[in-house]
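Structure assessment
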Amino acid sequence: MRTKLSASNWIWLIIFICFTILWLFPVVFAVGTSFRTLPDIYNNVLNIIPLNPTIENYLTLFQRLPMGKITLNTAIVATSVTVLKLVTSFLAAYAFVYYDFKGKNIVYFIFIATIFVPFTVTMLPNYLLLADLGLNNSVLGVIFPQIADAAGILLLNQAMRNIPYSLIEVAKLDNISDGRIIKDIIIPLIRPQITSTGIWFFVNSWNEFVWPSLILRTEENYTLPLALQMFMSAEGGTDFGVAMAVSVVTMSIPLLLYIVFQRYIIGTFTSAGIK
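Keep in mind that this is a model prediction, so the values were computed, not measured. (Residues numbered from 1 in each chain as written. Predicted model: local features only at pLDDT ≥ 70, side-chain atom pairs only at ≥ 80, totals over all residues. Heavy atoms only, no water.)

What follows covers the packing of helix α4 (residues 67–98) against helix α8 (residues 150–161). The contact between α4 and α8 brings their axes to 8 Å, and the two run at 45 degrees. It follows from the interaxial angle that α4 and α8 lie oblique. Between α4 and α8 the crossing geometry is right-handed. For the pair α4 and α8, the contacting residues are Leu86, Ser89, Phe90, Ala92, Ala93, Tyr94, Phe96, Val97 and Tyr98 in the first and Gly152, Ile153, Leu156, Asn157, Met160 and Arg161 in the second. When the residues that make up the contact of α4 with α8 are grouped by side-chain class, the tally is eleven nonpolar, three polar and one charged. (Axes fitted to C-alpha atoms, helices over the stretch in contact; angles between N-to-C directions. Helix = DSSP H or I, 4+ residues; strand = E, 2+ residues; numbered from the N terminus. Parallel < 35°, antiparallel > 145°, perpendicular 65-115°, else oblique. Left-handed = near helix turned anticlockwise from the far one by under 90°. Contact = heavy atoms within 4.5 Å. Nonpolar A, V, L, I, M, F, W, Y, C, P; charged D, E, K, R; others polar.)

Attention now moves to empty space enclosed by the protein. All chains considered together, the criterion is met by one cavity of 30 Å³ or more. By volume, the largest cavity amounts to about 40 Å³. Around the largest cavity, the lining residues are Thr74, Val77, Ala78, Val142, Ser205, Glu208, Pro212 and Thr223. Looking at the lining of the largest cavity, the element that brings in the most residues is α4, giving three residues. Across the lining of the largest cavity, the residue classes tally to four nonpolar, three polar and one charged. (1 Å grid on protein atoms, 1.4 Å probe; cavity = no way out; pocket = protein on both sides within 12 Å on 5 of 7 lines; lining within 4 Å. Points joined across faces, edges and corners; volume = space filled by probe spheres on them.)

Our focus in this paragraph is the layout of surface pockets. Reported here for the largest pocket is a volume of approximately 760 Å³. Lining the largest pocket we find 21 residues, and of these Lys85, Val117, Phe119, Ala148 and Asp149 sit closest to its centre. Elements that contribute at least two residues to the lining of the largest pocket include exactly α4, α6 (119–133), α8 and α11 (191–206). Per-element tally for the lining of the largest pocket: the top contributor is α11, with four residues. In the lining of the largest pocket, the residues fall into twelve nonpolar, six polar and three charged.

For serine 89, the location among the structural elements is in helix α4. The class for serine 89 is buried, based on a relative accessible area of 0%. Sequence separation between serine 89 and isoleucine 76 is 13 residues, and the spatial gap between their C-alpha atoms is 20 Å. Once residues lying within four places of it in the same chain are set aside, the contact partners of serine 89 are Asp149, Gly152, Ile153, Leu156 and Phe201. (Buried < 20%, exposed > 50% of the residue type's maximum accessible area, 1.4 Å probe, protein only.)

All right, on to the side chain of asparagine 73 then. Here asparagine 73 is to be found in helix α4. Under the relative-accessibility criterion, asparagine 73 is labelled buried at 3%. Leave out the neighbours within four places in its chain, and asparagine 73 touches Val139, Glu220, Asn221 and Tyr222.

Written as structure tokens, this is what we have:
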């Protein structure tokens, strides 16, 4: 049985379609421009379909920069940050949910309150600390300040609170260790939330620009967002085809991950009460 849409529903549908087109246009424009020649770009700026498709921009990109090393750096940073954040967020959330200790609520509040601390406040102290440790211009310098995340604690905390506490009580009465409880009960029950939180961490780290730009100095240590910025500035801001090729390479993996795991990501945010 088909449901007829009312006039108001048609209006909202049209608005939704318009916003979707506005959101997708920059992505489609970047992909199309990356396969266009420079004269074609200048003569038909808003044309998203290449008249004479070419891969010259991608060949130029790999000739000018060590893209293999840059992509590997980005993957190492994003993967390491994701794993470390998941481990610290999971263990902290487990402690807050299943352990009682003095001042637990206050400590939890302090942790969550750090979400609202601007990055510019902690940027300089982190930079000075890493400079003293000799980690400037290194991938480790990008990773270390990001090994914990209060938002991850919040998301996994909310996921664990949805698990019936009786399951954990029965396991503890049977003298089952915390390790086995985590492995056999907690992780299987909140695997979708762990997966979506990990994807969120990965995408944010993959696209991070400000912090790597402060730490990394040489092209061999660059991440993909820094490579994109280099082409947008050092090349005089005129080689749009190559810049769009970098954009496509940069956004392809996060976009693919989101498409594959979108139902887990949306489910995690809604279960945590975040719109």
